[in-house]
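# Survey of secondary and tertiary structure
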Amino acid sequence: MKAGLTKLTRVLIGNVLRPVTVDYPVKSQQVRDVSINQEETRGKHSFDEEKCVGCGACTAVCSSGAITESDVQFERSLKVELGRCIFCGRCRDICPERGLELTPQFELSQTGKGAEDSTKVEHTVQLGKCESCGRATFPTKQIDTVVKRALEKIDLANKITAGKDMAVYVRYCPDCRRSQSYLLNIHPRKSY
Amino acid sequence: MRLDLKGKARSYSPWIFHAHAGGCNNCDIELAACFAPRFDLERMGVQLRNNPRHADIFLVTGPAPKQIAPILQRVYSQVPNPKVTVACGSCAITGGIYNRDDGKANYALGGPVEKLIPVDVLIPGCPPRPESIIEGLMLAFEKLRKKTT
(Lines give C-alpha, C1' and ligand atoms only; values in the text may rest on other atoms or scores of the structure.)
Protein backbone atom coordinates (compact mmCIF):
# COMPACT_ATOMS: atom_id res chain seq x y z
CA MET A 1 0.00 0.00 0.00
CA LYS A 2 2.67 2.43 1.10
CA ALA A 3 4.98 1.48 -1.76
CA GLY A 4 2.16 2.00 -4.24
CA LEU A 5 1.39 5.42 -2.79
CA THR A 6 5.00 6.55 -3.00
CA LYS A 7 5.18 5.35 -6.60
CA LEU A 8 1.99 7.20 -7.44
CA THR A 9 3.28 10.39 -5.86
CA ARG A 10 6.54 10.06 -7.77
CA VAL A 11 4.67 9.68 -11.07
CA LEU A 12 2.39 12.63 -10.25
CA ILE A 13 5.30 14.89 -9.34
CA GLY A 14 7.23 13.70 -12.39
CA ASN A 15 4.36 14.67 -14.65
CA VAL A 16 4.48 18.21 -13.33
CA LEU A 17 8.25 18.61 -13.34
CA ARG A 18 9.15 17.41 -16.81
CA PRO A 19 7.26 17.31 -20.11
CA VAL A 20 5.75 13.95 -21.04
CA THR A 21 6.07 14.58 -24.75
CA VAL A 22 9.08 13.08 -26.49
CA ASP A 23 10.51 15.39 -29.12
CA TYR A 24 10.78 12.55 -31.59
CA PRO A 25 12.21 13.66 -34.93
CA VAL A 26 14.56 16.18 -33.30
CA LYS A 27 15.84 14.05 -30.46
CA SER A 28 15.51 10.65 -32.06
CA GLN A 29 18.56 9.35 -30.22
CA GLN A 30 16.84 10.09 -26.91
CA VAL A 31 13.84 8.03 -28.02
CA ARG A 32 16.10 5.18 -28.99
CA ASP A 33 17.89 5.22 -25.65
CA VAL A 34 14.94 5.70 -23.34
CA SER A 35 11.69 4.49 -24.81
CA ILE A 36 12.83 1.58 -26.97
CA ASN A 37 13.99 -1.69 -25.55
CA GLN A 38 16.80 -2.49 -27.95
CA GLU A 39 16.67 -6.25 -27.56
CA GLU A 40 12.91 -6.59 -27.82
CA THR A 41 12.33 -4.26 -30.75
CA ARG A 42 11.82 -6.14 -33.99
CA GLY A 43 12.82 -4.11 -37.02
CA LYS A 44 14.74 -4.55 -40.26
CA HIS A 45 16.25 -7.99 -40.87
CA SER A 46 19.93 -8.65 -41.18
CA PHE A 47 21.53 -11.85 -42.44
CA ASP A 48 24.79 -12.97 -40.92
CA GLU A 49 27.09 -13.64 -43.88
CA GLU A 50 29.07 -16.30 -42.05
CA LYS A 51 26.37 -18.08 -40.10
CA CYS A 52 23.56 -18.27 -42.68
CA VAL A 53 23.71 -21.57 -44.59
CA GLY A 54 20.81 -20.81 -46.91
CA CYS A 55 18.61 -23.73 -45.84
CA GLY A 56 15.43 -21.73 -46.44
CA ALA A 57 13.74 -22.53 -43.11
CA CYS A 58 12.83 -18.84 -42.78
CA THR A 59 10.98 -18.89 -46.10
CA ALA A 60 8.99 -21.96 -45.09
CA VAL A 61 7.91 -20.52 -41.75
CA CYS A 62 7.15 -16.95 -42.87
CA SER A 63 3.44 -16.42 -42.24
CA SER A 64 3.01 -13.50 -44.61
CA GLY A 65 5.24 -14.77 -47.41
CA ALA A 66 7.63 -11.86 -47.05
CA ILE A 67 10.79 -13.99 -47.28
CA THR A 68 11.31 -15.68 -50.62
CA GLU A 69 14.11 -17.80 -52.00
CA SER A 70 15.05 -18.04 -55.64
CA ASP A 71 17.73 -20.17 -57.22
CA VAL A 72 19.44 -18.65 -60.23
CA GLN A 73 22.13 -20.94 -61.65
CA PHE A 74 24.49 -21.60 -58.75
CA GLU A 75 23.32 -18.86 -56.44
CA ARG A 76 20.42 -18.90 -54.02
CA SER A 77 19.13 -15.49 -52.98
CA LEU A 78 16.95 -14.97 -49.92
CA LYS A 79 14.90 -11.81 -50.13
CA VAL A 80 12.88 -10.09 -47.41
CA GLU A 81 10.15 -7.74 -48.57
CA LEU A 82 9.70 -5.33 -45.69
CA GLY A 83 6.42 -4.01 -47.06
CA ARG A 84 4.89 -7.43 -46.55
CA CYS A 85 6.68 -8.48 -43.37
CA ILE A 86 4.70 -8.40 -40.13
CA PHE A 87 7.82 -8.50 -37.93
CA CYS A 88 6.64 -11.52 -35.94
CA GLY A 89 10.19 -12.86 -35.56
CA ARG A 90 9.37 -16.46 -36.43
CA CYS A 91 12.15 -16.53 -39.02
CA ARG A 92 14.65 -15.55 -36.34
CA ASP A 93 13.30 -18.17 -33.95
CA ILE A 94 13.33 -21.03 -36.47
CA CYS A 95 16.80 -20.32 -37.87
CA PRO A 96 18.94 -23.34 -36.89
CA GLU A 97 22.21 -21.47 -37.29
CA ARG A 98 21.13 -18.13 -35.75
CA GLY A 99 22.07 -16.52 -39.04
CA LEU A 100 19.08 -14.19 -39.20
CA GLU A 101 18.55 -11.39 -36.73
CA LEU A 102 16.00 -8.60 -36.43
CA THR A 103 17.78 -5.33 -35.80
CA PRO A 104 16.04 -2.63 -33.74
CA GLN A 105 15.97 -0.34 -36.78
CA PHE A 106 12.31 0.63 -37.17
CA GLU A 107 12.55 3.75 -39.35
CA LEU A 108 11.73 2.14 -42.67
CA SER A 109 9.40 4.68 -44.27
CA GLN A 110 10.03 5.64 -47.86
CA THR A 111 8.45 7.67 -50.59
CA GLY A 112 6.94 6.09 -53.64
CA LYS A 113 8.05 3.07 -55.55
CA GLY A 114 11.34 4.58 -56.66
CA ALA A 115 13.20 3.51 -53.54
CA GLU A 116 12.27 -0.12 -53.88
CA ASP A 117 15.71 -1.39 -52.94
CA SER A 118 15.49 0.09 -49.48
CA THR A 119 12.48 -2.06 -48.66
CA LYS A 120 14.36 -5.26 -49.41
CA VAL A 121 17.01 -7.19 -47.56
CA GLU A 122 18.94 -9.62 -49.70
CA HIS A 123 21.40 -12.38 -49.04
CA THR A 124 22.99 -14.84 -51.46
CA VAL A 125 24.63 -18.20 -50.85
CA GLN A 126 26.51 -20.48 -53.22
CA LEU A 127 24.91 -23.71 -54.41
CA GLY A 128 26.79 -26.95 -54.99
CA LYS A 129 27.01 -28.65 -58.38
CA CYS A 130 25.94 -32.22 -59.12
CA GLU A 131 28.87 -34.20 -60.48
CA SER A 132 26.68 -36.39 -62.63
CA CYS A 133 24.15 -34.09 -64.30
CA GLY A 134 25.66 -30.67 -63.56
CA ARG A 135 22.56 -29.17 -61.97
CA ALA A 136 22.57 -27.03 -58.86
CA THR A 137 21.98 -29.02 -55.70
CA PHE A 138 22.07 -27.56 -52.18
CA PRO A 139 23.96 -24.68 -50.60
CA THR A 140 27.52 -25.82 -49.96
CA LYS A 141 27.49 -24.48 -46.41
CA GLN A 142 24.31 -26.39 -45.65
CA ILE A 143 25.81 -29.66 -46.90
CA ASP A 144 28.82 -29.21 -44.63
CA THR A 145 26.74 -28.53 -41.54
CA VAL A 146 24.27 -31.32 -42.22
CA VAL A 147 27.03 -33.89 -42.70
CA LYS A 148 28.75 -32.73 -39.54
CA ARG A 149 25.56 -32.91 -37.48
CA ALA A 150 24.43 -36.25 -38.87
CA LEU A 151 27.77 -37.90 -38.12
CA GLU A 152 27.60 -36.69 -34.52
CA LYS A 153 24.37 -38.60 -33.97
CA ILE A 154 25.31 -41.89 -35.66
CA ASP A 155 26.64 -44.66 -33.38
CA LEU A 156 30.27 -45.65 -33.64
CA ALA A 157 29.68 -48.97 -35.44
CA ASN A 158 28.22 -47.31 -38.53
CA LYS A 159 30.06 -44.04 -38.36
CA ILE A 160 32.91 -44.92 -40.71
CA THR A 161 30.68 -46.45 -43.40
CA ALA A 162 28.17 -43.62 -43.18
CA GLY A 163 30.94 -41.03 -43.31
CA LYS A 164 32.36 -42.60 -46.47
CA ASP A 165 28.92 -42.77 -48.09
CA MET A 166 28.07 -39.21 -47.19
CA ALA A 167 31.31 -37.93 -48.63
CA VAL A 168 30.24 -39.55 -51.92
CA TYR A 169 26.58 -38.72 -52.14
CA VAL A 170 26.67 -35.07 -51.10
CA ARG A 171 28.29 -34.42 -54.45
CA TYR A 172 25.17 -35.52 -56.35
CA CYS A 173 21.67 -34.14 -56.72
CA PRO A 174 18.76 -36.12 -55.19
CA ASP A 175 17.66 -37.57 -58.53
CA CYS A 176 21.12 -38.83 -59.48
CA ARG A 177 21.57 -40.22 -55.99
CA ARG A 178 18.42 -42.29 -56.35
CA SER A 179 19.12 -43.55 -59.84
CA GLN A 180 22.79 -44.37 -59.22
CA SER A 181 22.68 -45.56 -55.62
CA TYR A 182 23.68 -49.07 -56.71
CA LEU A 183 26.58 -47.92 -58.86
CA LEU A 184 27.89 -45.57 -56.22
CA ASN A 185 27.40 -48.21 -53.52
CA ILE A 186 25.63 -45.79 -51.20
CA HIS A 187 22.40 -47.67 -50.52
CA PRO A 188 21.62 -47.33 -46.80
CA ARG A 189 20.52 -50.96 -46.42
CA LYS A 190 23.97 -52.36 -47.15
CA SER A 191 24.99 -51.86 -43.53
CA TYR A 192 22.14 -53.96 -42.13
CA MET B 1 8.96 31.96 -57.62
CA ARG B 2 5.33 32.67 -57.00
CA LEU B 3 4.40 33.82 -53.52
CA ASP B 4 1.73 31.34 -52.60
CA LEU B 5 0.78 32.20 -49.04
CA LYS B 6 -2.11 29.77 -48.95
CA GLY B 7 0.06 26.91 -50.16
CA LYS B 8 2.81 27.72 -47.69
CA ALA B 9 0.39 27.87 -44.78
CA ARG B 10 -1.10 24.58 -45.85
CA SER B 11 2.25 22.83 -46.09
CA TYR B 12 3.25 23.91 -42.58
CA SER B 13 0.04 22.76 -40.95
CA PRO B 14 -1.17 19.73 -42.87
CA TRP B 15 -4.43 18.16 -41.79
CA ILE B 16 -4.85 14.44 -41.89
CA PHE B 17 -7.82 12.39 -42.91
CA HIS B 18 -7.59 8.83 -41.67
CA ALA B 19 -9.31 6.30 -43.91
CA HIS B 20 -9.83 2.95 -42.21
CA ALA B 21 -9.94 0.43 -45.04
CA GLY B 22 -10.80 -2.81 -43.30
CA GLY B 23 -7.74 -3.37 -41.15
CA CYS B 24 -7.48 -5.10 -37.79
CA ASN B 25 -7.55 -1.74 -35.95
CA ASN B 26 -3.96 -2.11 -34.79
CA CYS B 27 -2.53 0.65 -37.01
CA ASP B 28 -5.39 2.85 -35.88
CA ILE B 29 -4.47 2.35 -32.24
CA GLU B 30 -0.87 3.30 -33.02
CA LEU B 31 -2.13 6.37 -34.88
CA ALA B 32 -4.17 7.29 -31.80
CA ALA B 33 -0.97 6.91 -29.77
CA CYS B 34 0.70 9.42 -32.12
CA PHE B 35 -1.87 12.03 -31.14
CA ALA B 36 -1.67 11.16 -27.44
CA PRO B 37 0.55 13.29 -25.11
CA ARG B 38 3.67 11.17 -25.46
CA PHE B 39 4.25 11.82 -29.15
CA ASP B 40 1.72 14.64 -29.62
CA LEU B 41 1.66 15.12 -33.39
CA GLU B 42 -0.31 18.34 -32.99
CA ARG B 43 2.88 20.17 -32.01
CA MET B 44 3.78 19.96 -35.72
CA GLY B 45 0.56 21.65 -36.77
CA VAL B 46 -1.10 18.38 -37.68
CA GLN B 47 -4.76 17.88 -36.99
CA LEU B 48 -6.87 14.78 -37.44
CA ARG B 49 -10.02 15.68 -39.36
CA ASN B 50 -13.20 13.73 -39.86
CA ASN B 51 -13.91 15.25 -43.24
CA PRO B 52 -11.88 14.43 -46.37
CA ARG B 53 -12.69 17.88 -47.79
CA HIS B 54 -10.64 19.54 -45.03
CA ALA B 55 -7.62 17.29 -45.38
CA ASP B 56 -4.22 17.56 -47.09
CA ILE B 57 -2.86 14.16 -46.19
CA PHE B 58 -4.86 11.02 -46.86
CA LEU B 59 -3.72 8.25 -44.52
CA VAL B 60 -4.95 4.75 -45.32
CA THR B 61 -4.71 1.74 -43.03
CA GLY B 62 -5.85 -1.76 -43.84
CA PRO B 63 -5.81 -4.04 -46.88
CA ALA B 64 -8.84 -2.44 -48.60
CA PRO B 65 -11.26 -5.35 -49.12
CA LYS B 66 -13.49 -5.45 -52.18
CA GLN B 67 -16.41 -3.89 -50.34
CA ILE B 68 -14.36 -0.85 -49.27
CA ALA B 69 -12.46 -0.37 -52.57
CA PRO B 70 -15.00 1.84 -54.45
CA ILE B 71 -15.70 3.89 -51.32
CA LEU B 72 -11.98 4.43 -50.76
CA GLN B 73 -11.60 5.74 -54.31
CA ARG B 74 -14.59 8.04 -53.86
CA VAL B 75 -13.29 9.44 -50.57
CA TYR B 76 -9.85 9.92 -52.16
CA SER B 77 -11.39 11.99 -54.95
CA GLN B 78 -13.05 14.21 -52.34
CA VAL B 79 -9.71 15.33 -50.88
CA PRO B 80 -8.75 18.68 -52.47
CA ASN B 81 -5.53 19.01 -54.48
CA PRO B 82 -2.64 19.10 -53.70
CA LYS B 83 -2.84 15.95 -51.63
CA VAL B 84 -0.44 13.31 -50.37
CA THR B 85 -1.45 9.69 -49.77
CA VAL B 86 0.19 7.68 -47.02
CA ALA B 87 -0.16 3.89 -46.83
CA CYS B 88 0.33 2.91 -43.20
CA GLY B 89 1.10 -0.68 -42.29
CA SER B 90 1.98 -3.83 -44.20
CA CYS B 91 -1.64 -4.48 -45.23
CA ALA B 92 -1.97 -1.14 -46.97
CA ILE B 93 1.38 -1.44 -48.76
CA THR B 94 1.25 -4.95 -50.20
CA GLY B 95 -1.73 -6.71 -48.66
CA GLY B 96 0.41 -8.14 -45.87
CA ILE B 97 -0.70 -11.53 -44.62
CA TYR B 98 -3.84 -11.39 -46.78
CA ASN B 99 -1.88 -11.34 -50.01
CA ARG B 100 0.39 -14.05 -51.39
CA ASP B 101 2.38 -14.22 -54.58
CA ASP B 102 1.54 -17.88 -55.15
CA GLY B 103 -2.13 -17.23 -55.89
CA LYS B 104 -3.35 -17.97 -52.38
CA ALA B 105 -4.56 -14.42 -51.75
CA ASN B 106 -7.61 -13.80 -49.63
CA TYR B 107 -10.81 -13.93 -51.71
CA ALA B 108 -12.09 -10.64 -50.28
CA LEU B 109 -8.92 -8.67 -50.97
CA GLY B 110 -9.60 -5.67 -53.22
CA GLY B 111 -6.30 -3.94 -52.57
CA PRO B 112 -3.47 -3.36 -51.93
CA VAL B 113 -4.10 0.37 -51.72
CA GLU B 114 -1.53 1.05 -54.47
CA LYS B 115 -3.82 -0.76 -56.92
CA LEU B 116 -6.74 1.58 -56.17
CA ILE B 117 -5.24 5.04 -55.60
CA PRO B 118 -1.77 6.58 -56.11
CA VAL B 119 0.38 6.24 -52.98
CA ASP B 120 3.20 8.65 -52.11
CA VAL B 121 4.61 7.45 -48.79
CA LEU B 122 4.86 3.90 -47.45
CA ILE B 123 5.22 3.07 -43.75
CA PRO B 124 6.11 -0.61 -43.24
CA GLY B 125 5.35 -2.35 -39.96
CA CYS B 126 2.61 -4.47 -38.48
CA PRO B 127 1.66 -2.22 -36.80
CA PRO B 128 4.27 0.52 -37.32
CA ARG B 129 5.54 2.10 -34.13
CA PRO B 130 4.24 5.61 -33.40
CA GLU B 131 7.78 6.82 -34.12
CA SER B 132 7.73 5.20 -37.56
CA ILE B 133 4.36 6.78 -38.32
CA ILE B 134 5.75 10.19 -37.35
CA GLU B 135 8.82 9.57 -39.51
CA GLY B 136 6.60 8.62 -42.46
CA LEU B 137 4.44 11.68 -41.95
CA MET B 138 7.56 13.88 -41.96
CA LEU B 139 8.30 12.49 -45.44
CA ALA B 140 4.70 13.26 -46.40
CA PHE B 141 5.06 16.88 -45.22
CA GLU B 142 8.12 17.30 -47.42
CA LYS B 143 6.25 15.85 -50.36
CA LEU B 144 3.34 18.20 -49.72
CA ARG B 145 5.75 21.14 -49.55
CA LYS B 146 7.13 20.17 -52.97
CA LYS B 147 3.65 19.80 -54.42
CA THR B 148 2.38 23.15 -53.15
CA THR B 149 5.33 25.34 -54.17
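A brief structural summary. (Residues numbered from 1 in each chain as written. Chains lettered and ligands numbered in written order. Predicted model: local features only at pLDDT ≥ 70, side-chain atom pairs only at ≥ 80, totals over all residues. Heavy atoms only, no water.)

### Notes on the overall build of chain B
For chain B, the count of helices and strands is six helices and five strands. Along chain B, helices and strands appear, N-terminal first, in the series α-β-α-β-β-α-β-α-α-β-α. For chain B, the C-alpha radius of gyration of 15 Å lies close to 15 Å, the compact-globule estimate for 149 residues. Considering only C-alpha atoms, chain B reaches an extent of 50 × 35 × 25 Å along its principal axes. Relative to its full complement of 149 residues, chain B shows a buried share of 51%. Considering only contacts within chain B whose residues lie at least 6 apart along the sequence, 80% involve residues at least 24 apart. By element, 54% of the accessible surface of chain B is carried by carbon and sulfur atoms, the whole surface being about 7,200 Å². Side chains of chain B carry 19 positive and 13 negative charges; the gap between the two charge centres is 7 Å. (Helix = DSSP H or I, 4+ residues; strand = E, 2+ residues; numbered from the N terminus. Rg over C-alpha atoms; globule rule 2.2 N^0.38 Å. Buried < 20%, exposed > 50% of the residue type's maximum accessible area, 1.4 Å probe, protein only. Contact = heavy atoms within 4.5 Å. Areas by Shrake-Rupley, 256 points an atom, 1.4 Å probe, with all protein chains shown as cover. Lys, Arg positive; Asp, Glu negative; His and termini not counted. Charge placed at Lys NZ, Arg CZ, Asp CG, Glu CD.)

### What about the overall build of chain A?
The helix and strand tally for chain A stands at eight helices and seven strands. Residues classed as buried in chain A amount to 32% of the 192 residues present. Long-range contacts, defined here as pairs at least 24 residues apart, represent 66% of the contacts in chain A between residues at least 6 apart. As displayed, chain A offers around 12,300 Å² of accessible surface, 53% of which is attributable to carbon and sulfur atoms.

### Points about the packing of helix α5 (residues 140–153) of chain A against helix α6 (residues 156–169) of chain A
Residues and elements named next belong to chain A. Their axes nearest at 10 Å, the elements α5 and α6 cross at an angle of 165 degrees. By the angle class used here, α5 and α6 are roughly antiparallel. When the axes of α5 and α6 are compared, the crossing they make is right-handed. Between α5 and α6, the residues in contact are Val 147, Ala 150 and Leu 151 and Lys 159, Ala 162, Gly 163 and Met 166, respectively. Residues that form the contact of α5 with α6 fall into these classes: five nonpolar, one polar and one charged. (Axes fitted to C-alpha atoms, helices over the stretch in contact; angles between N-to-C directions. Parallel < 35°, antiparallel > 145°, perpendicular 65-115°, else oblique. Left-handed = near helix turned anticlockwise from the far one by under 90°. Nonpolar A, V, L, I, M, F, W, Y, C, P; charged D, E, K, R; others polar.)

### Some words on the interface of chain B and chain A
In this complex, chain B contributes 32 residues to the contact, which on the side of chain A involves 29 residues. The largest contributions to the chain B side of the interface with chain A come from Arg38(B), Pro124(B) and Arg129(B), which together make up 22% of the buried area. Summed over the shared surface of chain B and chain A, the number is zero salt bridges. Listed by contribution, the elements that provide at least two residues to the side of chain B that touches chain A are α4 (90–94), β5 (121–123) and α6 (130–148) of chain B. If one sorts the elements of the side of chain B that touches chain A by residue count, α6(B) sits on top with eight residues. Its residues assigned to classes, the side of chain B that touches chain A comprises 14 nonpolar, seven polar and eleven charged. (Buried area = accessible area lost by both parts, 1.4 Å probe. Salt bridge = Lys/Arg side-chain N within 4 Å of Asp/Glu carboxyl O.)

### Looking at the environment of Ala32(B)
Residue and element names in this part refer to chain B. Among the secondary structure elements, Ala 32 is positioned in helix α2 (residues 26–35). Look at Ala 32 and you get partly exposed, because its relative accessible area is 47%. Put simply, Ala 32 and Leu 59 are 27 residues apart on the chain and 13 Å apart in space, counted from C-alpha to C-alpha.

### Section: a nonpolar patch on the surface
All names here are of chain A. Together, Met 1, Leu 5, Leu 8 and Leu 12 give the surface a local cluster of nonpolar side chains, amounting to about 480 Å² of exposed area. Among the secondary structure elements, Leu 5 is positioned in helix α1 (residues 2–17). Taking the relative accessible area as the measure of exposure, Leu 5 reaches 47% and is therefore partly exposed. (Patch = residues over 30% accessible without salt bridge, like charges linked within 9 Å, V, L, I, M, F, W, Y side chains within 5 Å.)

### A look at the sheet that holds strand β3 (residues 75–81) of chain A
Adjacent strands of a sheet pair through backbone hydrogen bonds, lying either parallel or antiparallel. All names here are of chain A. Here four strands make up an open sheet; going across it, the order is β2-β3-β6-β7 and the pairing antiparallel. The outermost strands of the open sheet, each flanked by one partner alone, are β2 (67–72) and β7 (136–139). Ignoring strand direction, the axes of neighbouring strands in this sheet form an average angle of 35 degrees. The sheet contact formed by β2 and β3 spans six bridges and is antiparallel. Within β3, the residue paired with Ile 67 across the bridge is Val 80. Each of β6 (120–129) and β7 is contacted by α5, which is oriented at about 60 degrees to β7, the strand it contacts most. (Pairing = 2+ DSSP bridges.)

### Section: the packing of aromatic side chains
Scanning all chains against the criterion turns up two aromatic pairs over all chains. Between Phe17(B) and Phe58(B), the ring centres sit 5.8 Å apart and the planes meet at 15 degrees, which makes this aromatic pair stacked. Taken together, the positions of Phe17(B) in strand β1 (residues 15–20) and Phe58(B) in strand β3 (residues 57–61) put the pair 41 residues apart, joining distant regions of the chain. Like Phe17(B), the residue Phe58(B) is buried in the burial classification. Taken together, a centroid distance of 5.7 Å and an interplanar angle of 65 degrees make the contact between Phe58(B) and Tyr76(B) edge-to-face. One end of the pair, Phe58(B), is in strand β3; the other, Tyr76(B), is in helix α3 (residues 69–78), and 18 residues separate them in sequence. Taken together, the aromatic side chains of Phe17(B), Phe58(B) and Tyr76(B) make up a single cluster linked through ring pairs. Directly above the aromatic system of Phe106(A) lies the positively charged group of Arg129(B), at a separation of 5.3 Å from the ring centroid. (Phe/Tyr/Trp six-rings, centres within 6.5 Å; stacked < 30°, edge-to-face > 60°. Lys NZ or Arg CZ within 6 Å of the ring centre and 35° of its normal.)

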